[in-house]
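# Observations on the three-dimensional arrangement
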Amino acid sequence: MEEQNKLDNFFNISFDPKSSAGLRTVAKWSMVAAICSVCGSLLGVVLAILGKNRTEESSGLISYAFFSTANVAGSIVVLILSAAFNYFLYSFSVNTLKGLTNLDPGKLNEGLSSLKTYYKILGIIMIVAMGIVLIGFFYILIMYGTRTRN
Amino acid sequence: MEDNKPEILSDLPIDYDAGNTLKKILPWTKFISIAGIVFLGLILIILIFTSQRLSDSFKDNNPDLGNLWILSMLVGVLVVIVVFGYSLWMLLRFSILVKKALETQDQESFNKGIQSMKIYSIFIGVFAALGLISNIYNLII
């Protein structure tokens, strides 16, 4: 009974003209962010490849070639990750704009669902990044501790 | 010639699916914003404690550059931290206000939450565009 009341209560708030206009702006800027991020990552790969060519020309050291290859590989991984999670941001903006324009709750739900996936992926990436930063922080602390003892 | 594009004629109600999806988005946006603000705070603390050492080492490596240049660089970093912090605060505000709106059925809070999300998304769009411009600049130079 209580659950049924909760379900009915969702109808008491809506995307009125003010919030619809706000959500429309959110969707448009999200599209800009998604497209710019993927293009930026793509350019990052190009920059890494060009950087690699320059270092190979300027020096014959294996370590330089290794680091440039790692740089290219890293930028490709960033591109794949960026394309994967920005796809959901793009999907959110396209479906939300369609839903708001045609007053289609189904499309709006699809858009919100994509936004949920986007934030979930972003949150997981953030947890992993925080873990790496914490490990690095403790590593520096341990190194600093052993250095001061010696 | 008349514009055939449909306009927003009435409200689009939040049904069970949309409300449920919004409820699932909120914990993630809250986590991302709080973690981001804490991270920026840590950077700020590290910057405060190491600013003297950083400026000394920078002076050693670039003796031609004056104190004003170093100061302007530090101010630039501070501005970036404040701008990022503000955008993350907007994301946190979105999650707080929309959660309150869904719990109390308050349309005003919901609208304010969406407005906060709007500001956050504008910042994200501008940051992404600046990143792209910077990459294009690096490619040309």
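Residues numbered from 1 in each chain as written. Chains lettered and ligands numbered in written order. Predicted model: local features only at pLDDT ≥ 70, side-chain atom pairs only at ≥ 80, totals over all residues. Heavy atoms only, no water.

### So, the packing of helix H2 (residues 67-104) of chain B against helix H3 (residues 107-140) of chain B
Residue and element names in this part refer to chain B. Put simply, the rule is: Here an angle of 0 to 180 degrees is reported between the N-to-C directions of two axes, which are lines fitted to C-alpha atoms, with helices fitted over the stretch in contact. Counting from the N terminus, the helices are the DSSP runs of H or I reaching at least four residues and the strands are the DSSP runs of E reaching at least two. Under this scheme an angle from 65 to 115 degrees is roughly perpendicular, one under 35 degrees roughly parallel, and one over 145 degrees roughly antiparallel; angles in between are oblique. Helix crossings fall into two classes, left-handed where the near helix is turned counterclockwise from the far one by less than a right angle and right-handed where it is turned clockwise. Contact between two residues is taken to exist if any of their heavy atoms lie within 4.5 Å; hydrogens are not considered. In this count, Pro and Cys sit with the nonpolar residues alongside Ala, Val, Leu, Ile, Met, Phe, Trp and Tyr, while Asp, Glu, Lys and Arg are called charged and the others, Gly among them, polar.
Remark: H2 packs on H3, axes separated minimally by 8 Å, with the N-to-C direction vectors making an angle of 150°. With respect to H3, the element H2 is oriented roughly antiparallel. Considering only the axes of H2 and H3, their crossing is left-handed. In contact with Val83, Phe84, Tyr86, Ser87, Met90, Leu91, Arg93, Phe94, Leu97, Val98, Lys100 and Ala101 of H2, H3 contributes Ser109, Phe110, Lys112, Gly113, Ile114, Ser116, Met117, Ile119, Tyr120, Phe123 and Phe127. Of the residues belonging to the contact of H2 with H3, the class tally is 16 nonpolar, four polar and three charged.

### A look at empty space enclosed by the protein
What counts here: Think of a 1 Å grid over the protein atoms and nothing else: a 1.4 Å probe that fits but is trapped marks a cavity, an open set flanked by protein within 12 Å on at least five of seven lines marks a pocket, and residues with an atom within 4 Å of a point count as lining. Grid points are joined across faces, edges and corners, and a volume is the space filled by probe spheres set on the points.
Applying the stated criterion across every chain, the model contains two cavities of 30 Å³ or more. If you go around the largest cavity, you meet 13 residues; those closest to its centre are A:Ser30, A:Leu89, A:Tyr119, B:Tyr120 and B:Ile124. Sorting the residues of the lining of the largest cavity by element identifies helix H2 (17-58), helix H3 (62-102) and helix H4 (105-149) of chain A together with H3 of chain B as the ones contributing at least two each. A class-by-class count of the residues in the lining of the largest cavity yields eleven nonpolar, two polar and no charged. Counted as a void, the second largest cavity has a volume near 50 Å³. What lines the second largest cavity is A:Phe15, A:Leu23, A:Val26, A:Leu112, A:Leu115, B:Leu22, B:Phe94, B:Ile114 and B:Met117.

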